Amino acid sequence: MAALLDTAVDRASLFEFLLRMGDNALVLGHRVSEWCGHAPVLEEDIALANTALDLIGQTQLWLGLAGEVEGQGRSADNLAYLRDAHEFRNLLLVELPNGDFGRTLMRQFLFDAWHLPMLKALAASSDPRVAEIAAKAVKEVAYHVERSADLVIRLGDGTEESHARMQAALDELWPYTGEMFLSDAADEAVAAAGIAPAPASLREGWRDTVAAVLAEATLKEPAGAYAHKGGRSGRHTEHLGYILAEMQFLQRAYPGSTW
Amino acid sequence: MSHEWPLWEVFIRGQHGLNHRHVGSLHAPDAEMAIRHARDVYTRRNEGVSIWVVRSSDIAASSPSDKGPLFEPANSKIYRHPTFFKIPDEAGHM
């Protein structure tokens, strides 16, 4: 706690930042876990479940630290299961429905291509607790992006049908990518304190990664810079409510139950 | 769709210095994805340092009906097993 008071950032901004990291991992992890038992082949089913589990594991670390920083005695479980939709801080991109297998992988890739450089930067955070979590997560996410990029290329540069589906997924998801690089007062505070990179600083690297993979996948980058936004400040699509209804049911119906 | 993908046998080296061991099989369209799948299916619990995959159809196997001629002649030759040596205590476990 002493270390916290020494950092040059207010508690609310750091809490906000940690919720954003944790909620991205939690909501995407939950979405990907919906594939369990439904993927087109057994091997991909297992791979998707592994990705989901990695993300849920990261959630525990981010939200655990968020609760610690907040100082109100809330645990990672409290934050995951007892907040309402408007208190969630994830990107809209990660709460969008899975669609088909290709769309799930396209969403994963667009997120992974941001997540990896974000974690790499966080591994050098001025806050050692943040750096420690990032160093652990970065190894998992390096594999996530390797896998999702490979599958985007294979499906994009695959059959006529798989190509059409991937292009449609890209067109649909593209306007949700801009939110990753938006900035508010909390972002500026944690960036100024050297805790996290400024969101906009990750844009160029993300664009390069995405452009290279899309070119190899023979997919066309959509035109237009319109960006849906709101998730990072608690204004979500209708989809998040349904996710929480399923995810939080047990703790809401049987408060405090454990197993 | 999985029936269209060929079957691969997966071998994992558990530690440096040990041999690769057969751990199972899986379906994949090519070697690169077979290794990826093997990573996801067989090495989630820190089992390995190296993965080999080989197309199952590339493995030549002895026929079960050859079991007799191949293996039975060794049955009655227990002297081929090095079980008659006394290992000195100082040598320890071998």
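Residues numbered from 1 in each chain as written. Chains lettered and ligands numbered in written order. Predicted model: local features only at pLDDT ≥ 70, side-chain atom pairs only at ≥ 80, totals over all residues.

### A look at the overall build of chain B
Link 1 in the chain: Counting secondary structure elements, chain B contains two helices and three strands.
Link 2 in the chain: The secondary structure elements of chain B, listed N-terminal to C-terminal, are β-β-α-β-α.
Link 3 in the chain: Taken over the C-alpha trace, chain B has a radius of gyration of 19 Å; the compact-globule value for 94 residues is 12 Å, which it surpasses by more than 25%.
Link 4 in the chain: In chain B, 45% of the contacts between residues at least 6 apart in sequence involve partners at least 24 apart. (Helix = DSSP H or I, 4+ residues; strand = E, 2+ residues; numbered from the N terminus. Rg over C-alpha atoms; globule rule 2.2 N^0.38 Å. Contact = placed C-beta atoms within 7 Å.)

### Details of the overall build of chain A
Link 1 in the chain: Within chain A, the secondary structure is distributed over 11 helices and zero strands.
Link 2 in the chain: Across chain A, helices and strands are ordered from the amino to the carboxyl terminus as α-α-α-α-α-α-α-α-α-α-α.
Link 3 in the chain: Taking 2.2 N^0.38 as the reference for a compact globule, 259 residues should give roughly 18 Å; the C-alpha atoms of chain A span a radius of gyration of 18 Å, in line with that estimate.
Link 4 in the chain: With respect to the principal axes defined by its C-alpha atoms, chain A has extents near 60 × 40 × 30 Å.

### Let's talk about the pairing of strand β1 (residues 7–13) of chain B
All names here are of chain B.
Link 1 in the chain: The alternating pattern of β1 places Trp8, Val10 and Ile12 on a buried face and Leu7, Glu9, Phe11 and Arg13 on a face that is not buried.
Link 2 in the chain: Bridge analysis of β1 against strand β2 (residues 20–27) gives seven bridges, and the strand direction is antiparallel. Bridge pairing in β2 places Arg13 opposite His20.
Link 3 in the chain: Between β1 and β2, which pair antiparallel and follow one another directly, the connecting turn spans six residues, one of which, Gly17, has a positive phi of 95°.
Link 4 in the chain: Across six bridges, β1 lies against strand β3 (residues 50–55) in antiparallel orientation. In the strand pairing of β3, Arg13 is matched with Ser50. (Buried ≥ 20, exposed ≤ 12 C-beta atoms within 10 Å, placed from the backbone. Pairing = 2+ DSSP bridges.)

### Digging into the interface of chain A and chain B
Link 1 in the chain: Between chain A and chain B, the contact holds eight residues from the first and 10 residues from the second.
Link 2 in the chain: With five residues, the single largest contributor to the side of chain A that touches chain B is helix α3 (residues 42–70) of chain A.
Link 3 in the chain: Residues of the side of chain A that touches chain B, tallied by class, amount to five nonpolar, one polar and two charged. (Nonpolar A, V, L, I, M, F, W, Y, C, P; charged D, E, K, R; others polar.)

### So, the packing of helix α2 (residues 11–33) of chain A against helix α9 (residues 185–192) of chain A
Residues and elements named next belong to chain A.
Link 1 in the chain: Between α2 and α9, whose axes approach to 9 Å, the crossing angle comes to 105°. In terms of orientation, α2 and α9 fall into the roughly perpendicular class. Across the interface between the two elements, Ser13, Leu14, Glu16 and Phe17 of α2 pack against Ala186, Ala189 and Val190 of α9.
Link 2 in the chain: Looking at the contact of α2 with α9 residue by residue, the classes come out as five nonpolar, one polar and one charged. (Axes fitted to C-alpha atoms, helices over the stretch in contact; angles between N-to-C directions. Parallel < 35°, antiparallel > 145°, perpendicular 65-115°, else oblique.)

### A short note on the nonpolar core
Link 1 in the chain: Membership of the largest hydrophobic core comes to 72 residues, with the highest contact counts inside it found for A:Leu18, A:Trp62, A:Ala66 and A:Val152.
Link 2 in the chain: Examining the composition of this core, we find that 12 residues originate from one element, helix α6 (residues 101–122) of chain A, more than from any other.
Link 3 in the chain: When sequence neighbours within four positions are dropped, the list of residues in contact with A:Val152 reads A:Leu105, A:Met106, A:Phe109, A:Met166, A:Val213 and A:Ala217.
Link 4 in the chain: In this structure, B:Trp8, B:Val10, B:Ala34 and B:Ile51 belong to the second largest nonpolar core, which totals 10 residues. (Core = buried A, V, L, I, M, F, W, Y, C linked by C-beta atoms within 7 Å.)

### Some remarks on the packing of α3(A) against helix α7 (residues 128–156) of chain A
Residue and element names in this part refer to chain A.
Link 1 in the chain: With their axes 11 Å apart at the nearest point, α3 and α7 run at an angle of 165° to one another. The angle between α3 and α7 falls in the class roughly antiparallel. Handedness of the crossing formed by α3 with α7: left-handed. Between α3 and α7, the contacting residues are Ala47, Thr51, Asp54, Gln58, Leu61, Trp62 and Leu65 on the first element and Arg129, Ile133, Ala137, Glu140, His144 and Arg147 on the second.
Link 2 in the chain: Along the lines of polarity and charge, the residues of the contact of α3 with α7 split into six nonpolar, three polar and four charged. (Left-handed = near helix turned anticlockwise from the far one by under 90°.)

### Points about α6(A)
Residue and element names in this part refer to chain A.
Link 1 in the chain: For α6, built from 22 residues, the straight-helix expectation of 32 Å at 1.5 Å per residue is met to within 8% by its first-to-last C-alpha distance of 30 Å.
Link 2 in the chain: Within α6, the axis deviates most sharply at Asp112, by approximately 25°.
Link 3 in the chain: Most of α6 sits out of view: 20 of its 22 residues are buried. (Expected span 1.5 Å × (residues − 1). Bend = angle between axes of the 7 residues up to and from the residue.)

### Topic: the environment of A:Glu172
Residues and elements named next belong to chain A.
Link 1 in the chain: Residue position: Glu172 is located in helix α8 (residues 160–173).
Link 2 in the chain: Glu172 sits in the partly exposed class, given 15 other C-beta atoms within 10 Å.
Link 3 in the chain: For the pair Glu172 and Met247, spaced 75 residues apart in sequence, the C-alpha separation works out to 25 Å.

### Concerning unusual backbone geometry
All names here are of chain A.
Link 1 in the chain: Positive phi is not limited to glycine here, since Thr218 has a value of about 55°.
Link 2 in the chain: Residue position: Thr218 is located in the loop between α10 (203–216) and α11 (238–253).
Link 3 in the chain: Taking the number of C-beta atoms within 10 Å as the measure of exposure, Thr218 has 13 and is therefore partly exposed.

In short, shape yes, function no, at least from these values alone.
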